[in-house]
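Survey of secondary and tertiary structure
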Amino acid sequence: SQKIEQNSEALNIQEGKTATLTCNYTNYSPAYLQWYRQDPGRGPVFLLLIRENEKEKRKERLKVTFDTTLKQSLFHITASQPADSATYLCALELEKGNAGNNRKLIWGLGTSLAVNP
Amino acid sequence: DTGVSQDPRHKITKRGQNVTFRCDPISEHNRLYWYRQTLGQGPEFLTYFQNEAQLEKSRLLSDRFSAERPKGSFSTLEIQRTEQGDSAMYLCASSLEGYNEQFFGPGTRLTVL
């Protein structure tokens, strides 16, 4: 069956440490993998995207890796801050960016991150 | 432009009633998506529009659900004869052709009593 799994347990870390979140998937071949942040009662907010032929992507304190052999993506937040506390969702985009393709996202359950001051 | 907006933000209804939600996407975005999210779950795809054409509807969506995007701008999602299992957050997202990033609205939280 097709599955997307993220860390089931909430992650609690100390301010300043690096948070590492995991996204594993089975029986999918995504063209892209995206990471979103979601705060309580709000819609998800896009953070980073990585393509199937990319190994790593960085943006400020964020880093994403993508291993299509292991079918796994890791999401890192370095020098974490209490303001980083939120739920982080990984999402697979199966279709390539051809005109008209439905670029719907298939989502994991999310991992709750708490950064303690 | 202030982003994707949804109305209402909260809706409480009794079982068996019909409800309609509205989504106003970012103005130049031609793609529009509806997702549903329950507590502790990720969003679940419901339906997709490119301009005014509804190009895909999830098999999980029963006939009680219908969505429209009549002029390729705002969209409405209607649920007829609501059931308690319909209680969820209904999220709308829009994107621009050629770009992956989806911009989400704040959602409409539906509670069916």
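Structural data are supplied above this passage.
Overview of the structure. (Residues numbered from 1 in each chain as written. Chains lettered and ligands numbered in written order. Predicted model: local features only at pLDDT ≥ 70, side-chain atom pairs only at ≥ 80, totals over all residues. Heavy atoms only, no water.)

Overview of the layout of surface pockets
If you roll a probe as big as a water molecule over the atoms, it shows you where there is empty space left. Estimated volume of the largest pocket: approximately 670 Å³. Considering the residues around the largest pocket, the lining is formed by 23 residues, among which Tyr28(A), Ile106(A), Glu44(B), Phe45(B) and Leu60(B) are closest to the centre. Going through the elements one at a time, strand S1 (3–6) and strand S10 (105–107) of chain A together with strand S5 (44–50) and strand S6 (53–57) of chain B are the ones with two or more residues in the lining of the largest pocket. For the lining of the largest pocket, the element with the highest residue contribution is S10(A), accounting for three residues. Grouping the constituent residues of the lining of the largest pocket by class yields 10 nonpolar, six polar and seven charged. Forming the boundary of the second largest pocket are 17 residues, of which Gln38(A), Pro40(A), Gln37(B), Leu39(B) and Gly40(B) lie nearest the centre. At three residues, the largest contribution of residues to the lining of the second largest pocket is made by strand S9 (residues 86–93) of chain A. Its residues assigned to classes, the lining of the second largest pocket shows six nonpolar, eight polar and three charged. (1 Å grid on protein atoms, 1.4 Å probe; cavity = no way out; pocket = protein on both sides within 12 Å on 5 of 7 lines; lining within 4 Å. Points joined across faces, edges and corners; volume = space filled by probe spheres on them. Helix = DSSP H or I, 4+ residues; strand = E, 2+ residues; numbered from the N terminus. Nonpolar A, V, L, I, M, F, W, Y, C, P; charged D, E, K, R; others polar.)

Side note on the state of the cysteines
Residues and elements named next belong to chain A. In the structure shown here, the tally under the stated rule is two disulfides over all chains. Cys23 shares a disulfide with Cys90; S-S distance 2.0 Å. The sign of the 60° torsion about the S-S bond sets the Cys23-Cys90 disulfide as right-handed. A residue pair is termed long-range when its members are at least 10 positions apart, and Cys23 in strand S3 (residues 19–26) and Cys90 in strand S9 qualify at 67 residues. (Disulfide = S-S within 2.5 Å.)

Some points on the interface of chain A and chain B
Tallying the contact residues gives 24 residues for chain A and 25 residues for chain B. Applying the counting rule to chain A against chain B returns one salt bridge. The partner of Lys104(A) in a salt bridge is Glu56(B), with the nearest N and O atoms 2.6 Å apart. In this structure, the connection of chain A to chain B is made through six residue pairs in polar contact (both at pLDDT 80 or more). (Contact = heavy atoms within 4.5 Å. Salt bridge = Lys/Arg side-chain N within 4 Å of Asp/Glu carboxyl O. Polar contact = N/O pair within 3.5 Å; in protein donor to acceptor, adjacent residues only side chain to side chain.)

Considerations on the packing of aromatic side chains
Enumeration according to the criterion identifies 13 aromatic pairs over all chains in this entry. Plain terms: the ring middles of Tyr36(A) and Phe46(A) are 5.6 Å apart, the flat faces sit at 75° to each other, and that makes the pair edge-to-face. Of this pair, Tyr36(A) sits in strand S4 (residues 32–38) while Phe46(A) sits in strand S5 (residues 45–51), and the two are 10 residues apart along the sequence. Here Phe46(A) falls in the buried class, since its relative accessible area comes to 18%. A ring pair is formed by Tyr35(B) and Phe45(B), whose centres lie 6.2 Å apart and whose planes are at 75°; its orientation type is edge-to-face. Of this pair, Tyr35(B) sits in strand S4 (residues 31–37) while Phe45(B) is found in strand S5, placing the two residues 10 residues apart along the sequence. Across this residue pair, the class does not change: Tyr35(B) and Phe45(B) are buried. Grouping aromatic residues by their ring pairs yields a cluster made of Tyr36(A), Phe46(A), Trp107(A), Tyr33(B), Tyr35(B), Phe45(B), Tyr48(B) and Phe104(B). Taking the ring centre of Phe74(B) as reference, the NZ or CZ of Arg22(B) above it sits at 4.0 Å. (Phe/Tyr/Trp six-rings, centres within 6.5 Å; stacked < 30°, edge-to-face > 60°. Buried < 20%, exposed > 50% of the residue type's maximum accessible area, 1.4 Å probe, protein only. Lys NZ or Arg CZ within 6 Å of the ring centre and 35° of its normal.)

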